[in-house]
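Each chain, written out:
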Amino acid sequence: MRVSPLTPETFADNARAALADATLTGALRRATDTFAERRAAAIGAVPDWQELRTRAAAIKAHTLARLDAYLEEFTANATKAGATVHWARDAAEACAIVRDLAQARGSKRLVKSKSMATEEIHLNAALAQDGREPVETDLGEWIIQLAGETPSHIIVPAIHKTKEQIGALFVDKLGIPPSSDPQLLAAEARTRLRAHFAAADLGISGVNFGVAETGTILVLENEGNARMTTTLPAVHVAVMGIEKVIPRFGDLETFLRLLPRSGTGQHLTTYQSMLTGPDPMGQGPRELHIVLLDNGRSRIVADELMRQTLACIRCGACLNACPVYQSIGGHAYGSVYPGPIGAILTPQLQGLHSAGTLPFASSLCGACKDVCPVKIDIPSLLLELRRRAVAGEQVPAAPSRGAAPTTSKPARRKPLEALGWRVWSWVTRSPARFRLATAFARLGQKLPFAMRLFGPMRAWQSSREAPKLAARPFRDRWRGDAR
Amino acid sequence: MTRSVALFATCLGDQLWPEVVEATVAVLERAGCRVTFDPAQTCCAQPAFNSGYHDEAKAVARAFVEVFERADAVVAPSGSCTAMVHRYPELFRDEPDWRARAEAVAHKAFELSAFLVRELGVVDLGARLSARVAWHDACHALRELGVHDEPRRLLRAVAGLELVELRTGESCCGFGGTFAVKFPELSTAMLDHKLSGLDDRVDVLSAVDSSCLMQMRGRLQRQGSRVRAMHLAEILASR
Amino acid sequence: MNARAAILGAVRDGLRGASVPPLPPPVEPPAPLAVAERIARFTAVQQKLGGVVEAVADRRAACARVGLLLAQKGAAVVAASDAPLLAGLGDYVPADVALLPPDAPRERLLQADIGVTGAQWGIAETGTLVLASADERHRLASLLPALHVVVLPVRALLGTLGEAFAALQRDGAPAARTITFVSGPSRTADIELTLVVGVHGPKALHVLLVRDDG
């Protein structure tokens, strides 16, 4: 499936298109089922799973409530260890920092390991303008880059593609003989990317956790590409959302127990790199640059209700558990962060004006909340965002100096819908009016033609038989029983 | 000891499926309760709340609190409506007086199966139904109220009934209130996935929520399926 | 205003008056497991991850075993770290094998078939090797070749992740600038979730547990 840049605004259309793609929906179902099973098996073997979640949620809640202090501590310690810490208010600033670093060092050959923050700021596109587009080195990300697409899953970016589609892509882009064997395709990737690693002069990674107490950053992965990216080039640039900081080195243990199990069902991912400053004596890069990215986060921090959104550790469990995501995948959300976490995070990063549909794109089943390793109450946050969308409020509520200006616009008003709910409320709060209105509905029901003029009824009946109002409601039958 | 129960019929029960509400009354009476019904009741306000219209929801929620705050226990044949009542304190978070009144009502609002098993300690209601029944965990009952074992225990006590689990487990039926009509294709895709978990020999699909049943029944009927959708209360009232 | 001041100012303003929930106290490391239990668990988990674990008596035996492995695998180029345990390795390397030290040119290291390193700790619970760069230059030898052979003293084998995090801190600072956890060979499941072992990093991991490293 060739994906043009979708936006959250067209979610309903995006979803419809995804549902019409049988290859996509089949691949998604298999993948999300597999992940859900693996996760369940992995956490089943951890007797204190709930205590771990509670602990992680408490660490995050504490850290976010004093984020300024922890960021300063992190910066001081990272600097002491020899890293250079940069601050970026928004995507443009972050991209400019990386571009300038590459320019100043004459770095031409850039490699990158998987990172959501760099996707969020569209770093590749920014660097491409300068002729320095990084080569993605995570297998899934590389596939996506070759295809000119965007990731559809936080953990498995190419989850939407079958091995046949990937085989055809490799034939087309790499000129290799046709194959749909994942072993052969991965071996091809190893060979091709090895050449890029050998020549790379600047490596870009994300950060899973930044430790305030030591200035350490942790990068977690399975393939070894992040180790290559953070070891081989002379310069390592790590892009880190400001919410990634945690207080103590020892806290990593808690999060390492939670994250891989929630994401892929592994006890640990194959590799964790804990980097404290540059490490040329230890065969590492000469320079380590950490770019601290705000891009709307400081505004979310200020919003007491929504703050917990920033506790997310990007494990992807909520995506795999979500019946909406399972049905349509990540592209339909039209944003870098798909699924339940995307439905709460994207409107806060982009504003309800452009992403106001996403909080409504949920049946509020709550499966996401059950699996979240840091106990984010996603359904309640969806409900709060719906309220703000309807009330025409801004999200996050408080404007701030670190803010990007685009989010200041409230959601578009829907006057007709609002009128409908006002009438509904006026009717429903009074038993007399409720009785009268339902009596009218009974009459209307006798004219099926009239019912079909009513949009929601038409939508319902597109796939389902409509229920019928009972000839006599319970309230009348109860009186009829003369009790 | 006879428990006095104020019945909340729910708007769907009252208007669309009065037989489910009557079955609820019959089951509660069989369990030894004295059931009252206040016709001043209408709806729990969930449709407006879930759509983001909190002021409109509050007006309806206040009416609900006024109707039920003097009751000993409020019982509804719905997990979703009960869970909504449990959310009232959050809805009134900025109005201390109403918040307190809402909390009092929330504390005594129960979903039917949870009330029977947890509050009354009743499992066997002497029901009889010869059928293979697949159970659907309604999301709000399951995840907000923790209702999982209660309906299964009640169903296992029904003579002649064979209880089976859906292969699609605890997944959502795709209803989600206005979600079902805002995103009808998506809602239907979720629904079809859910129903794909039914085995060929299932006679009845049951749940504690009329809204999920409305969604699933609507599809089963459209597809000409022989599977009947029945509310838990109807099964428990069968003789 | 510079970005740092702007962001910190925004966060500070936004959090003014916010209640701060307490930070949970550090986790107490669990009681250490018996040595036999540590070895058994480490071996079982490594095997599940696709690694091989073998016990050897002492450092001489370890070097001899590595020499034999190099011959068996038909290695041409071997990258070795500067682990003290491997000091005598040269005596056991077949004559036709090029043995590269850590400071060999990058292009040569990239050609190595096998990497031989030590590890500073092992973690039984997770089948993990902990590589800390302060005591050994093993970042490249452990990463670039298709086979990674690790010699690990039994006394460095810890029981749990908790013990490891306790051991990894020295006076509030991490034990090394680069600490790498390695749990099994490199893997991916990015194509239809089909497991492929050995994508960028080593395709195989061979651990020699050294009973007496004195």
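Note that this is a predicted model, so its numbers are computed, not measured.

Conventions and cut-offs
Residues numbered from 1 in each chain as written. Chains lettered and ligands numbered in written order. Predicted model: local features only at pLDDT ≥ 70, side-chain atom pairs only at ≥ 80, totals over all residues. Helix = DSSP H or I, 4+ residues; strand = E, 2+ residues; numbered from the N terminus. Buried ≥ 20, exposed ≤ 12 C-beta atoms within 10 Å, placed from the backbone. Contact = placed C-beta atoms within 7 Å. Rg over C-alpha atoms; globule rule 2.2 N^0.38 Å. Pairing = 2+ DSSP bridges. Right-handed = clockwise from strand over helix to strand, strands pointing away. Nonpolar A, V, L, I, M, F, W, Y, C, P; charged D, E, K, R; others polar. Axes fitted to C-alpha atoms, helices over the stretch in contact; angles between N-to-C directions. pLDDT = per-residue confidence, 0-100.

Caption draft 1: Main features of the overall build of chain C. When helices and strands are tallied, chain C shows five helices and 14 strands. A principal-axis box enclosing the C-alpha atoms of chain C has dimensions of 70 × 45 × 40 Å. Relative to its 214 residues, chain C shows a buried fraction of 50%. Contacts in chain C between residues at least 24 apart in sequence constitute 72% of all its contacts with a sequence separation of at least 6.

Caption draft 2: Highlighting the overall build of chain A. For chain A, the count of helices and strands is 24 helices and 10 strands. Relative to the globule expectation of 23 Å for 483 residues, the C-alpha radius of gyration of chain A, 25 Å, shows essentially globular dimensions. Expressed as lengths along the three principal axes of its C-alpha atoms, the size of chain A is roughly 90 × 55 × 45 Å. Looking at chain A as a whole, 58% of its 483 residues qualify as buried.

Caption draft 3: View of the sheet that holds strand β6 (residues 216–221) of chain A. With respect to topology, eight strands assemble into an open sheet ordered β8(A)-β5(A)-β6(A)-β9(A)-β11(C)-β6(C)-β5(C)-β8(C), the strand pairing being mixed. Two strands lie at the open edges of the sheet, namely β8 (245–246) of chain A together with β8 (157–158) of chain C, each paired on one side alone. Pairing of strand β6 (residues 128–132) of chain C with strand β11 (residues 178–182) of chain C, which is carried by four bridges, proceeds in the antiparallel orientation. Its bridge partner lying in β11(C), A132(C) is registered against I179(C).

Caption draft 4: Looking closely at the environment of R239(B). Residue and element names in this part refer to chain B. Along the polypeptide, R239 turns up in the segment after α14 (232–236). A tally of 10 C-beta atoms within 10 Å means that R239 is categorised as exposed. Counting along the chain gives 63 residues from R239 to G176, while the straight-line C-alpha distance between them is 33 Å. Beyond its immediate chain neighbours, meaning those up to four positions away, R239 contacts A127 and R128.

Caption draft 5: Structural view of the pairing of strand β7 (residues 204–207) of chain B. Residues and elements named next belong to chain B. When strand β5 (residues 128–135) meets β7, the two strands line up parallel, connected through three bridges. The partner of W135 across the bridge, within β7, is S206. Here β7 runs beside strand β8 (residues 228–231); their pairing, made up of four bridges, is parallel. Counterpart to V204 in the pairing with β8 is R228. Crossover connection from β7 via helix α13 (residues 210–222) to parallel β8: handedness right-handed.

Caption draft 6: Representation of the interface of chain A and chain B. Facing the 47 residues of chain A at the interface are 49 residues of chain B. For the side of chain A that touches chain B, the secondary-structure elements that each account for two or more residues are α1 (11–19), α15 (323–328), α19 (378–391), α20 (415–428), α21 (431–445), α23 (455–461) and α24 (474–480) of chain A. Taken together, the residues of the side of chain A that touches chain B sort by class into 27 nonpolar, nine polar and 11 charged.

Caption draft 7: The arrangement of the sheet that holds β7(B) in detail. Residues and elements named next belong to chain B. On the basis of which strands lie adjacent, the open sheet formed by four strands has the order β6-β5-β7-β8 and parallel pairing. Strand pairing shows two members of the sheet lacking a second neighbour, β6 (159–165) and β8, which therefore form its edges. Adjacent strand axes in the sheet meet at a mean angle of 35°, parallel and antiparallel pairs treated alike. Judged from the six bridges that link them, β5 and β6 form a sheet pairing that is parallel.

Caption draft 8: Here's a closer look at the interface of chain C and chain A. Each side of the interface is counted separately: chain C has 56 residues, and chain A has 75 residues. For the side of chain C that touches chain A, the elements supplying multiple residues, two or more each, are α1 (3–15), α5 (161–167), β10 (173–174), β11 and β12 (187–188) of chain C. Sort the elements by how many residues they give to the side of chain C that touches chain A and α1(C) lands first, with 12 residues. For the side of chain C that touches chain A, the class distribution of residues is 30 nonpolar, 17 polar and nine charged. Examined bridge by bridge, strand β9 (residues 271–275) of chain A and β11(C) share five bridges and lie antiparallel to one another. Pairing of Q272(A) across the sheet is with F181(C), part of β11(C).

Caption draft 9: A look at the confidence of the model for chain C. On average, chain C scores 95 in pLDDT, and the residues at 70 or more come to 100%. As scored by the predictor, the complex reaches a pTM of 0.96 and an ipTM of 0.97.

Caption draft 10: Here's a closer look at the arrangement of the chains. The assembly contains two pairs of chains in contact; the pair sharing the most contacts is chains A and C. No part of chain B reaches chain C; the closest C-alpha pair between them is 17 Å apart.

Caption draft 11: Looking closely at the confidence of the model for chain A. Of all residues in chain A, 95% have pLDDT values of 70 or greater, and the mean over the chain is 93. Note on residues 398–407 of chain A: pLDDT under 50 across the span, and 32 contacts to partners over four residues away in sequence or across chains.

Caption draft 12: Quick peek at the pairing of β6(C). Residues and elements named next belong to chain C. In terms of burial, β6 is a largely internal element, five of the five residues being buried. On β6, burial covers both faces: T128, V130 and A132 on one face and L129 and L131 on the other are all buried. Sheet topology places strand β5 (residues 121–123) next to β6; three bridges connect them, and they run antiparallel. When the bridges of β6 are listed, W121 appears paired with V130. In this structure, the hairpin formed by β5 and β6 is closed by a connection of four residues, where G127 is found at a positive phi of approximately 65°.

Caption draft 13: View of the environment of V207(A). All names here are of chain A. Position of V207 among the secondary structure elements: in the loop between β4 (202–205) and β5 (209–211). Separated by 92 residues in the primary sequence, V207 and S115 place their C-alpha atoms 7.4 Å from one another. With residues up to four places along the chain from it excluded, the contact list for V207 reads I217, V219, A238, M240 and K244.

Caption draft 14: A look at unusual backbone geometry. Even without a glycine there, the phi angle at N295(A) is positive, about 50°. In this model, A45(B) sits at a positive phi of 85°, which is unusual for a non-glycine residue. Mapping A45(B) onto the fold places it in the loop between β2 (33–36) and α3 (46–50).

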